[in-house]
Amino acid sequence: QVQLVESGGGLVQAGGSLRLSCSASGSSCSTDAMGWYRQVPGKQRELVAAITSGGTTNYGDSVKGRFTVSRDNARSTMYLQAKSLKPDDTGVYYCAAGSTSWSIFNGEYDYWGQGTQVTVSS
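Reading the values: rules and limits
- Residues numbered from 1 in each chain as written.
- Predicted model: local features only at pLDDT ≥ 70, side-chain atom pairs only at ≥ 80, totals over all residues.
- Heavy atoms only, no water.
- Pairing = 2+ DSSP bridges.
- Helix = DSSP H or I, 4+ residues; strand = E, 2+ residues; numbered from the N terminus.
- Axes fitted to C-alpha atoms, helices over the stretch in contact; angles between N-to-C directions.
- Contact = heavy atoms within 4.5 Å.
- Polar contact = N/O pair within 3.5 Å; in protein donor to acceptor, adjacent residues only side chain to side chain.
- Core = buried A, V, L, I, M, F, W, Y, C linked by side-chain atoms within 4.5 Å.
- Buried < 20%, exposed > 50% of the residue type's maximum accessible area, 1.4 Å probe, protein only.

What follows covers the sheet that holds strand E1 (residues 2-7). Spatially, the 4 strands line up as an open sheet ordered E1-E3-E8-E7, and their pairing is antiparallel. Two strands in the sheet have a free side with no partner beyond their single neighbour: E1 and strand E7 (67-72). Direction aside, neighbouring strands of the sheet carry axes that sit 15 degrees apart on average. The pairing of E1 with strand E3 (residues 18-26) spans 6 bridges and is antiparallel. Counterpart to Glu6 in the pairing with E3 is Cys22.

Right under this line is the structure:
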């Protein structure tokens, strides 16, 4: 019932910035929590940043101070402003959405997007 579409990924040099977007369509009741997760080469999927409809956020330790997550509830869109990018930030970034705010902490979501590739060159 919910479709998530990520955009904004690409190739960027170390120290550069990207802005990712995740647009949700369908039931707004299923997007109380939204989050960005990345699949890093050689590692398990990890939290990047997540946010509730009320504005509570949760960030992965490696991106704190560099990435900012936000959302426009009226437009059902979540954003990730990624700055000071490092090669270790390379990975496929997935958008997730769920009906409970606790998802931003427990990582359990109802829907996932197709992912967008972020590659940071050194």
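Moving on, we come to the environment of Tyr93. Locating Tyr93 in the fold gives a position in strand E9 (residues 91-98). Placed 16 residues apart in sequence, Tyr93 and Thr77 show a C-alpha to C-alpha distance of 15 Å. Aside from chain neighbours lying at most four places away, what touches Tyr93 is Glu6, Leu20, Trp36, Tyr37, Arg38, Val48, Phe67, Leu80, Gly115, Thr116 and Val118. At a separation of 2.6 Å, a polar atom in the side chain of Tyr93 contacts the main-chain carbonyl oxygen of Asp89.

Ranked by size, the top nonpolar core spans 25 residues in total, and within it Trp36 and Leu80 carry the most contacts. Secondary-structure elements contributing two or more residues to this core are E1, E3, strand E4 (33-39), strand E5 (46-52), E7, strand E8 (77-82), E9 and strand E11 (116-121). Broken down by element, this core gets its largest block of residues, 4 residues, from E3.

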